[in-house]
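# Tertiary structure, described
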Amino acid sequence: MKGKKGFFIVTVICCLFCFACGKGKEESILVVGTNPEFVPFEYMEGEEIKGFDIDLMNQIGKKIGKKVEIKSMNFDGLLPALQSKKIDVVIAGMTATEERKKHVNFTKNYYISQQNIMVKENKEHNLEQLKGQKIGVVLGYTGDVFISSKNEYSVERFNSASAAILALQADKVSAVILDEEPAKQYVKQNSGLSTFAIYEGKEEYAIALHKDNISLLEEIDKALEDLKEDGSYDKLYQQYFTK
Ligand code: ARG
């Protein structure tokens, strides 16, 4: 009797242990990749990654019962990491483009944006005026794809938006193309810069997932819908985008 009881207790402890450090844990953590160089969607504040996307992802995590773990990486490493299943999802102000859709799935969009041009204050006011000039872009961003598809500009690629801005300030490029919100933030933070929108198509930001992961995609879409319905999304939007 004593032996049986002991065996039972040991079995229970083993099960709990396996659950805690094995499968149970894997299922409850959502590994999220981002590139925190895109204010106000994701950026570093000291050692911490902050921003609209991060808050949104944490709220989604709560809705679907998963603990969100954020991993910082280069922007061009995000989709490869997703495809090799090193991360579960990508949230990075990422535009759901047709090209990217060939490789990964996207949730419904959570933000609509467009491309902007930044120039030194009161210089050019439209793309036309910049023909033949050097335009800075961030490697692999949709702004890069957009301007590279036109032949009238010479394109200079940088590894981050801040590197491109430095080049603009040093007159190494005539303009920088970047998504609207981050562009506005840079203009706010750096005197002597101005920005205008390029009215050539809207971009939809969405969360990317591996093509295999349909059930998680559905769960996240449902959570997004709930957050829009219960007012949480609006609250977050107000917090980051209306001043
Ligand atoms: N929306 C652009 C794109 O999808 C830029 C995104 C950059 N995001 C970032 N977290 N660095 O290409």
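These remarks concern the structure in this document. (Residues numbered from 1 in each chain as written. Predicted model: local features only at pLDDT ≥ 70, side-chain atom pairs only at ≥ 80, totals over all residues. Heavy atoms only, no water.)

## A few points about the pattern of salt bridges
It is possible for side chains of opposite charge to pair when their charged atoms get near one another. All told, the structure shown has 12 salt bridges when counted by the stated rule. For the salt bridge of K85 with D212, the shortest nitrogen-to-oxygen distance reads 2.8 Å. Of this pair, K85 sits in the loop between α4 (75-83) and β6 (89-90) while D212 sits in the loop between β15 (208-209) and α9 (214-229), and the two are 127 residues apart along the sequence. Here K85 and D212 have matching classes, each one exposed. A salt bridge links D226 to K222, with the nearest nitrogen and oxygen atoms 3.0 Å apart. Of this pair, D226 and K222 both sit in helix α9, 4 residues apart, which is roughly one turn of the helix. (Salt bridge = Lys/Arg side-chain N within 4 Å of Asp/Glu carboxyl O. Helix = DSSP H or I, 4+ residues; strand = E, 2+ residues; numbered from the N terminus. Buried < 20%, exposed > 50% of the residue type's maximum accessible area, 1.4 Å probe, protein only.)

## A look at the site of the ligand
Neighbouring the ligand are 13 residues, the closest being N35, A92, R100, Y141 and D179. Between the ligand and N35 there is a distance of 2.7 Å, counted from a nitrogen atom to a side-chain nitrogen or oxygen. Within the complex, 100% of the 350 Å² of free accessible area of the ligand lies under protein. For the shell around the ligand, a count of residues per class yields 6 nonpolar, 4 polar and 3 charged. (Near = heavy atom within 4 Å. Polar contact = N/O pair within 3.5 Å; in protein donor to acceptor, adjacent residues only side chain to side chain. Areas by Shrake-Rupley, 256 points an atom, 1.4 Å probe, with all protein chains shown as cover. Nonpolar A, V, L, I, M, F, W, Y, C, P; charged D, E, K, R; others polar.)

## Topic: the sheet that holds β6
Here we have 5 strands laid out as an open sheet, ordered β5-β1-β6-β15-β7, and mixed in their pairing. Each end of this open sheet is capped by a strand with a single partner; those strands are β5 (67-72) and β7 (105-106). As paired elements, β6 and β15 share 2 bridges and run antiparallel to each other. Paired with V89 across the strands is L209, a residue of β15. (Pairing = 2+ DSSP bridges.)

## Some words on α9
Spanning 16 residues, α9 covers 23 Å between terminal C-alpha atoms, matching the ideal 22 Å at 1.5 Å per step. Those residues of α9 not exposed but buried are L216, L217, I220, D221, A223, L224 and L227. Along the axis of α9, the buried positions cluster into a sector of 160°, meaning they face one direction only. Exposed residues lying more than 90 degrees from the buried face of α9 are E218 and E229. Each element contacted by the buried residues of α9 is listed here: β1 (29-34), α3 (52-64), β6, β7, β15 and α10 (232-241). Just beyond α9, the residue with positive phi is G231, at close to 90°. (Expected span 1.5 Å × (residues − 1). Arc of directions from axis to C-beta. Contact = heavy atoms within 4.5 Å.)

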